[in-house]
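# Report on the structure
As a plain string of letters, each chain reads:
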Amino acid sequence: FNIVKASYVATAVNAGQYPESELTEIAFIGRSNVGKSSLINSLCRRHGLARTSGTPGKTQTINFFSLTGKLPDESRLDFMLVDLPGYGYAKRAQTARATWSNFIEEYWLKSTRLKLVCQLIDVRHPPMESDINVYQWLVEHGLPVQVVATKGDKIPKSRIQQHAQAISTGLNMPVLAPGGRVITYSTVTGAGRDELLDVIRIILLK
Ligand code: GTP
Ligand code: MG
């Protein structure tokens, strides 16, 4: 499964601005600066499609990108990736609701085409209270979550497994459930890209 086309579609801060589309949506959420926009660019293999920055708080709106994936039998699948603003900018502990603006909660509650939320967590650190609260909120609201550990190139390969396990334990993830495995990703080496594309393919074909 690979991406053969990717383009920017729309920016929204309320439901009235969501693109008119029937496409399945896959959203990306995580703390500010964790690498959401970079991961979207890496999946699409398009630098600068989603705006990235070394300074937290770059993405402030909901951004929709339409993608076309090609299966081994040459058939095509169209879908949408949704880039969201980061949470947890403030250092203090935060409840899920306090971490995001009303317009992001509106997206979770109103988007009928949302089929998967990729929650990104920096591989170097165990989940913070805001990550744990957001994960629980998404699960309680019936949203399928795939946890992705980002910046995999920042720790030695020999420690990846141990760090992924700490994330899974910290979130109290149900290990046997779908999406129960943490995918470690690096936009620098491309590690984890095939694995995440495979999860996306399975969601799209469901
Ligand atoms: P906000 O929009 O502010 O919430 O941030 P974001 O989560 O979209 O993060 P963004 O993609 O803008 O990346 C933040 C910084 O992390 C940038 O400097 C990226 O270059 C860097 N980064 C992202 N992914 C990786 C990775 O896999 N490896 C390394 N080494 N750096 C990464
Ligand atoms: Mg961003």
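Per chain, residue numbering runs from 1 following the sequence as it is written. Chains carry letters from A onward and ligands carry numbers from 1 onward, assigned in written order. It should be noted that, the model being predicted, local features are given only for residues of pLDDT at least 70 and side-chain atom pairs only at 80 or more, the latter also being counted only at that level, while totals for whole chains, interfaces and linings use all residues.

To keep it simple, the criterion reads: UniProt positions are given in the numbering used here, feature names are shortened, and annotations may be inferred rather than shown by experiment.
Going by the annotation in an unreviewed UniProt entry, the name recorded for the protein is Probable GTP-binding protein EngB, with Sporomusa termitida given as the source organism. A UniProt comment under Cofactor (unreviewed entry) is attached to the protein, and it reads "Mg(2+)". For the record of the protein, the UniProt heading Sequence similarities (unreviewed entry) holds the text "Belongs to the TRAFAC class TrmE-Era-EngA-EngB-Septin-like GTPase superfamily. EngB GTPase family."

## With respect to the overall build of the protein
Cut-off, in case you're wondering: A run of H or I in DSSP becomes a helix once it reaches four residues, and a run of E becomes a strand once it reaches two; helices and strands are each numbered from the N terminus. Our radius of gyration is a C-alpha quantity, and the globule rule it is checked against amounts to 2.2 Å times the number of residues to the power 0.38. As a rule, residues whose C-beta atom has 12 or fewer other C-beta atoms within 10 Å are exposed, those with 20 or more are buried, and those in between are partly exposed; C-beta atoms are placed from the backbone. C-beta atoms are placed from the backbone for every residue, and two residues are taken to be in contact when these atoms lie within 7 Å.
Secondary structure summary: the protein contains 6 helices and 7 strands in total. Helices and strands appear in the protein in the N-to-C order β-β-α-β-β-α-α-β-α-β-α-β-α. For 206 residues, the compact-globule estimate of 2.2 N^0.38 gives 17 Å, and the protein sits close to it at 16 Å. Here the protein, with 206 residues, has 36% of them falling under the buried criterion. For the protein, contacts bridging at least 24 residues in sequence account for 72% of all contacts bridging at least 6.

## Some points on the site of ligand 1
What counts is decided by this rule: Nearness here has a simple definition: the residue's C-beta atom, placed using the backbone, must lie within 6 Å of the molecule or strand. Throughout this entry, Asp, Glu, Lys and Arg are counted as charged residues, while Ala, Val, Leu, Ile, Met, Phe, Trp, Tyr, Cys and Pro are counted as nonpolar. The remaining residues, Gly among them, count as polar.
In the vicinity of ligand 1, 24 residues are found, and the nearest of them are Gly-35, Ser-38, Thr-52, Thr-59 and Gly-86. It is helix α1 (residues 36-44) that contributes the most residues to the shell around ligand 1, 3 residues altogether. Residues belonging to the shell around ligand 1 are distributed by class as follows: 4 nonpolar, 15 polar and 5 charged.

## Focus: the nonpolar core
The condition is simple: Here, a nonpolar core denotes buried Ala, Val, Leu, Ile, Met, Phe, Trp, Tyr and Cys residues that are linked to one another through C-beta atoms within 7 Å.
Ile-26, Phe-28, Ile-40, Phe-65 and Val-82 are the most contacted members of the largest nonpolar core, which has 41 residues in total. The element that contributes the greatest number of residues to this core is strand β5 (residues 114-122), accounting for 5 residues. With near-sequence residues (within four places) excluded, Phe-28 lies in contact with Lys-36, Leu-39, Ile-40, Val-82, Asp-83, Leu-84, Cys-118 and Leu-120.

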